[in-house]
Amino acid sequence: MTRLFLVDDHQLFLAGVKTELEGRADIVGVAADVDEAISSIRRTRPEVVLIDVHMPGGGGLAVLGAVTETNPEIKFLALSVSDAAEDVIAMIRAGARGYVTKTISADDLAEAIDRVKAGDAVFSPRLAGFVLDAFAGGLPAPADEELDQLTPREREVLRLIARGFAYKQVATRLSLSVKTVESHVSAVLRKLQLSSRHELARWATDRRIV
Amino acid sequence: MTSPDSRARNDWARRLGLFRRRQRRGIAGVAGGLADRFGVNDGYVRAAFVTTATIWGIGVLIYAALWQLTFDIEDDRPVRTIDSRQRLGLGVAFAAAVWIVAGAGLVPNAFGTLVVATISFGLAALWDRSDSPSLARVILPGSRGALSVFRLVGGLILVFAGLGLLFSSVGAVSEIGFSLLAVAVTIAGLFLAFGPWMVRLAQDLGRERRERVRQEERAEVAAHLHDSVLQTLTLIQRSEDPRKMASLARSQERELRTWLYGRAPVPGEDLLSTALEAAVARVEDERHVAIDFVLVGDATLDERGRALVGAANEAMINAAQHSGAGRISVYLEVDQEGAELWVTDQGKGFAKARVPSDRRGLADSITGRMVRHGGTAAIESEPGEGTEVHLTMPGIKQAGVAS
């Protein structure tokens, strides 16, 4: 079982997730604010941190930044209910391995956590749509060919995720292995984190993903 | 602050309740601290210091001594007031002391002291803002008036008496010079008397305007929350059917999201996304399903776009009615070539060969609508594998593209 740490400033939601994930993940700690989260995560050293994007005192971004500095091996999965796209993109560019919405089912959440633990990326349909939108083709000479464009295969994978398919279904439809789908999504995540496309920031400010 | 000496000094000052103000202070906060200690307006304390300063600089010496002997402290500490009778007593005692010292000829310049005392206490009375937040309150009848009016009139009399005294002491000027001086003294007196009030009036007006704007905003938010969120919460509490509850909550969530994060609609520009979003909302509300709507690109709404939305609407209703799935995905992508739209459910699906005749009709209505406008529709389904309706509409005009 994945050693999991939960960070959310809504106690009710925290309690709900804890109950739902009982038996599917080993919850080593919870925290409701930024400072508490940073010190407890450093102490308990979980494998995955499920973190709310919006919290008082700097939000998930502050926790992510502080923890990654001292414990780069800890992986983050962002979770949110109603945040502007720019915050979500900021989390991902700061190193979060993925993003899911709070409406996600318990099964899907458990699967997403395991996937993040294994080093893969997790995209919600909206995030996939956002990436497709932000990396839309036909733009004048991107600065870095490799980082600023999606391959046709990656585009196909993202489109299927945006249409609501799970990785396994995506794999079946494209006659790929699940492992290959995962590696495509991870490659897209890397591009999303490293791309210098100025459109990313702009898109993020006028769109919402969730 | 940490040396034993200063700690002892602080103890001494603390026992007497003496301290210096950190904020709203003139020089070192000594006068302000004393004023807070005794619950009088700091203007009078400053006037007392200024007056005694004219007598061998006693006021300056006392000020310097208190500066050294007391510690400074943040504001907002409880003021230890004394009651009005004690305050009056203090004032009378001070006046008597000045009077006796000056009258007994012990003072180097008794006249100067008198003039300074009159003017400074007059100004202190005029500027005393402890219970007159604005000029209007003082002048308008019915406001908390008597004391303020008394202070206003008394202050004016003192200031002008003082200026008059000062003026009368100026000897040997010509008649023209004399009247010019009189005018100057009057103007100076009026400025001293009403200047602070003018400034405060302007500040109050600005503050009131800001406050009004804030209140209007708050009222708007409250009205919106009342009309939407509170109503929905009431409906949810009265509803027995969990599906209906979920659907109410979801439609309220959608509405609140649009209100909080939505882009303002551009007048005169109907977008494909807006029309589709409305259709999604309608199906969610009427059929009690959750629809995940993902959008890539957008287009201005034309005949073809309307046909696409109509067909998508049919597909969504179809999925809601027959698939048994609680969640439907709608994905729209618009690029230079046109629009593509998928309506996907993970429900029970069906075998194409055994579609009941009424559903074939529905499929025809989706396909027919698309074909009539130059598009295509493909329906894919396997029993147990869910259903996917794939619509394409070439030649739709792209809108809002990053270029």
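Residues numbered from 1 in each chain as written. Chains lettered and ligands numbered in written order. Predicted model: local features only at pLDDT ≥ 70, side-chain atom pairs only at ≥ 80, totals over all residues.

### Brief notes about the overall build of chain A
So, step 1. Per the secondary structure count, chain A includes 11 helices and 6 strands.
So, step 2. The buried share of chain A, taken over its 210 residues, is 48%.
So, step 3. The long-range share in chain A, meaning contacts at least 24 apart out of those at least 6 apart in sequence, stands at 65%. (Helix = DSSP H or I, 4+ residues; strand = E, 2+ residues; numbered from the N terminus. Buried ≥ 20, exposed ≤ 12 C-beta atoms within 10 Å, placed from the backbone. Contact = placed C-beta atoms within 7 Å.)

### Examining the confidence of the model for chain B
Residues and elements named next belong to chain B.
So, step 1. This prediction gives chain B a mean pLDDT of 77; 80% of its residues lie at or above 70.
So, step 2. Confidence drops under pLDDT 50 across residues 131-144; counting only partners more than four residues distant or on other chains, this segment forms 17 contacts.
So, step 3. Both scores are given for the predicted complex: the pTM is 0.60, the ipTM 0.81. (pLDDT = per-residue confidence, 0-100.)

### Things to note about the nonpolar core
So, step 1. In terms of nonpolar packing, the biggest core is built from 102 residues, with Leu77, Ala78, Met91 and Val131 of chain A together with Ala312, Met316 and Val330 of chain B touching the most fellow members.
So, step 2. Ranked by the residues each element gives to this core, the list is headed by helix α12 (residues 303-322) of chain B, at 9 residues.
So, step 3. When near neighbours in sequence (up to four residues on either side) are disregarded, Leu77 of chain A contacts Val48, Leu50, Ala96, Arg97, Gly98, Val100, Ala112, Ile113, Val116 and Val122 of chain A.
So, step 4. Grouped together as the second largest cluster of nonpolar side chains are 30 residues, Ala48, Phe49, Leu66 and Val159 of chain B included. (Core = buried A, V, L, I, M, F, W, Y, C linked by C-beta atoms within 7 Å.)

### Description of the packing of helix α6 (residues 125-134) of chain A against helix α8 (residues 152-162) of chain A
All names here are of chain A.
So, step 1. It is at 7 Å that the axes of α6 and α8 come closest, and there the two elements cross at 140 degrees. If you check the angle between α6 and α8, you find them oblique. Two packed elements cross with a definite hand, and for α6 against α8 that hand is left-handed. Residue-level contacts link Pro125, Ala128, Gly129, Val131 and Leu132 of α6 to Arg155, Leu158, Arg159, Ile161 and Ala162 of α8. (Axes fitted to C-alpha atoms, helices over the stretch in contact; angles between N-to-C directions. Parallel < 35°, antiparallel > 145°, perpendicular 65-115°, else oblique. Left-handed = near helix turned anticlockwise from the far one by under 90°.)

### Quick notes on helix α6 (residues 110-127) of chain B
So, step 1. Helix length check: α6 of chain B (18 residues) gives 26 Å between terminal C-alpha atoms against 26 Å at 1.5 Å per residue, within 8%.
So, step 2. Counting buried positions along α6 of chain B gives 14 out of 18 residues, so the element sits mostly inside the fold. (Expected span 1.5 Å × (residues − 1).)

### Concerning the sheet that holds strand β4 (residues 75-80) of chain A
Residues and elements named next belong to chain A.
So, step 1. Pairing is parallel across the open sheet formed by 6 strands, whose spatial order is β2-β1-β3-β4-β5-β6. In this open sheet, the two edge strands, each paired with only one partner strand, are β2 (25-31) and β6 (122-123).
So, step 2. With 4 bridges connecting them, strand β1 (residues 2-7) and strand β3 (residues 48-52) associate as parallel partners. Looking at the pairing, Leu6 lines up with Leu50 of β3.
So, step 3. Contacts from helix α2 (residues 34-44) reach β1, β2 and β3, with the element oriented near 145 degrees to β2.
So, step 4. Strands in contact with helix α3 (residues 59-70) are β1, β3 and β4; relative to β3, the strand with the most contacts, it is inclined by about 155 degrees. (Pairing = 2+ DSSP bridges.)

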